[in-house]
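Understanding the architecture of this molecule
Below are the chains, spelled out letter by letter.
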Amino acid sequence: NSKVIQTPRYLVKGQGQKAKMRCIPEKGHPVVFWYQQNKNNEFKFLINFQNQEVLQQIDMTEKRFSAECPSNSPCSLEIQSSEAGDSALYLCASSLGVAEQFFGPGTRLTVL
Amino acid sequence: GQQVQQSPSSLVLQEGENAELQCNFSSTATQLQWFYQSPGGSLVSLLSNPSGTKHTGRLTSTTVTKERRSSLHISSSQTTDSGTYLCAIDPQDNYAQGLTFGLGTRVSVFP
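Because the structure is predicted, anything quoted here is derived from the model rather than measured. (Residues numbered from 1 in each chain as written. Chains lettered and ligands numbered in written order. Predicted model: local features only at pLDDT ≥ 70, side-chain atom pairs only at ≥ 80, totals over all residues. Heavy atoms only, no water.)

1. Topic: the overall build of chain B
Here is the rule: Numbering of helices and strands runs from the N terminus, with a helix taken as a DSSP run of H or I at least four residues long and a strand as a DSSP run of E at least two residues long. Put simply, the radius of gyration uses C-alpha atoms, and a globule should come to 2.2 Å times the residue count raised to 0.38. A 1.4 Å probe rolled over the protein chains alone gives each residue an accessible area, and that area as a share of the maximum for its type sets the label: buried under 20%, exposed over 50%, partly exposed in between. The contact rule is simple, with two residues in contact once any of their heavy atoms fall within 4.5 Å. Method for areas: the Shrake-Rupley scheme with a 1.4 Å probe, in which residue coverage is limited to the protein chains shown. Here Asp and Glu are counted as negative and Lys and Arg as positive; His is not counted, and neither are the chain ends. Here the site of a charge means atom NZ of a Lys, CZ of an Arg, CG of an Asp or CD of a Glu.
Check the secondary structure of chain B and you find 0 helices and 11 strands. Against the globule reference of 13 Å for 111 residues, chain B gives a C-alpha radius of gyration of 13 Å, in line with a compact fold. With respect to the principal axes defined by its C-alpha atoms, chain B has extents near 40 × 25 × 20 Å. Taking all 111 residues of chain B together, 45% fall into the buried category. Contacts spanning at least 24 positions in sequence make up 56% of the contacts within chain B whose residues lie at least 6 apart. Carbon and sulfur atoms make up 47% of the accessible area of chain B, which amounts to about 5100 Å² in all. Both charge centroids of chain B, one from 6 positive and one from 7 negative side chains, sit 6 Å from each other.

2. Looking at the nonpolar core
Short version of the rule: Nonpolar cores were defined as sets of buried Ala, Val, Leu, Ile, Met, Phe, Trp, Tyr and Cys residues, with membership established by side-chain atoms within 4.5 Å.
With 21 residues, the main nonpolar core has A:Trp34, A:Leu46, A:Leu77, A:Tyr90 and A:Leu109 as its most contacted residues. Elements that contribute at least two residues to this core include exactly β3 (19-24), β4 (31-37), β5 (43-50), β8 (75-79), β9 (88-95) and β11 (107-111) of chain A. Leave out the neighbours within four places in its chain, and A:Leu46 touches A:Trp34, A:Tyr35, A:Gln36, A:Gln56, A:Gln57, A:Ile58, A:Met60, A:Thr61, A:Phe65, A:Leu77 and A:Tyr90. Grouped together as the second largest cluster of nonpolar side chains are 19 residues, B:Leu13, B:Tyr85, B:Cys87 and B:Val109 included.

3. Considerations on empty space enclosed by the protein
The rolling of a water-molecule-sized probe over the atoms marks out the regions of remaining empty space. We count it as follows: A 1.4 Å probe that fits into a set of points on a 1 Å grid over the protein atoms alone but cannot get out defines a cavity; an open set with protein on both sides within 12 Å along at least five of seven lines defines a pocket, and lining residues are those with an atom within 4 Å of a point. Grid points are joined across faces, edges and corners, and a volume is the space filled by probe spheres set on the points.
Enumeration according to the criterion identifies 1 cavity of 30 Å³ or more in this entry. If you add up the space inside the largest cavity, you get close to 30 Å³. In terms of lining, the largest cavity is formed by A:Arg9, A:Tyr10, A:Leu89, A:Pro105, A:Gly106, A:Arg108 and B:Gly40.

4. Quick notes on the interface of chain A and chain B
Stated formally: Buried surface area refers to the total accessible area, computed with a probe of radius 1.4 Å, that the two partners give up upon joining, counted for both partners together. Salt bridge criterion: a side-chain nitrogen from Lys or Arg within 4 Å of a carboxyl oxygen from Asp or Glu. As used in this structure description, the phrase polar contact means that two N or O atoms lie within 3.5 Å; if the pair is within protein, one of them must be able to donate a hydrogen and the other to accept it, and residues adjacent in sequence are counted only when both atoms belong to side chains.
On the side of chain B, 23 residues touch chain A, which itself brings 27 residues to the contact. Counting each side, the surface lost to burial between chain A and chain B is near 1900 Å², with a carbon and sulfur contribution of 54%. Remark: the boundary between chain A and chain B carries 0 salt bridges. Along the contact surface separating chain A from chain B lie 5 residue pairs in polar contact (both at pLDDT 80 or more). For the side of chain A that touches chain B, the secondary-structure elements that each account for two or more residues are β4, β5, β6 (53-57), β9 and β10 (102-103) of chain A.

5. Focus: the sheet that holds strand β1 (residues 5-7) of chain A
To summarise the sheet geometry, strands pair through backbone hydrogen bonds and adopt either a parallel or an antiparallel arrangement. All names here are of chain A. Using the following cut-off: We treat two strands as partners when DSSP finds at least two bridges between them. Axis lines are fitted through C-alpha atoms, for helices just across the contact stretch, and the angle between N-to-C directions can take any value from 0 to 180 degrees.
Strand order in this open sheet of 4 strands is β1-β3-β8-β7, and the pairing throughout is antiparallel. The sheet is open, and its two borders are formed by β1 and β7 (65-68), each paired with just one other strand. With strand direction ignored, the average angle separating the axes of adjacent strands in the sheet is 15 degrees. In terms of strand pairing, β3 meets β8 through 5 bridges, oriented antiparallel. In the strand pairing of β8, Ala19 is matched with Ile79.

6. Overview of the pattern of salt bridges
Two side chains bearing opposite charge may form a pair once their charged atoms approach each other closely. If you walk through the whole model with that rule in mind, you get 4 salt bridges over all chains. The salt bridge partner of B:Glu67 is B:Arg69, with a shortest N-O separation of 2.7 Å. For B:Glu67, a relative accessible area of 49% translates into the label partly exposed. With a relative accessible area of 34%, B:Arg69 lands in the partly exposed category. Sharing partners across several salt bridges, the network here consists of A:Arg64, A:Glu83 and A:Asp86.

The following block contains the structure:
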């Protein structure tokens, strides 16, 4: 039912390397969210955008992650210097706002 | 503490049995969603149900907002229903900090 596209599906990086993943939200959805799901099934909200502007981001995202949602291009989330603890499933979602969120298939990051 | 609590944590069913999954939340929420997560990780929105009762296919969700609880009923379970069911709320009611998820109920359906 979701038309959110995420690439790549799997990403393997060494510690200290950059890791970049992309998301194309559903057409017409102005709000994009990034979440991290760890191996214990815990979800963490990372950052969200309304159109191209950041709405909220957590401390971790401010310090080690960079993210953007340029117009007419995929949104992206990049970890500047990967750590073992960053190994997780990264999920992108989009919505109309205060409304149902639709998720992509995720990018599974493994940091060796 | 955990803002969204789901029970049971896991459930084993024989094909054809019904199941009831519970979600309790500690803050008010005007947005509540039930999701299915496949073993591969993909998250599918099943129902958006902040209040009342909603149906889709073999699924029925009932949310009692004042009591801060929601349930998901699966009728006539099938092996393809196996996976993790997640409940999530928007605690800020304005999508500013995204959804808060429970830890899920892992459902296994055997033939």
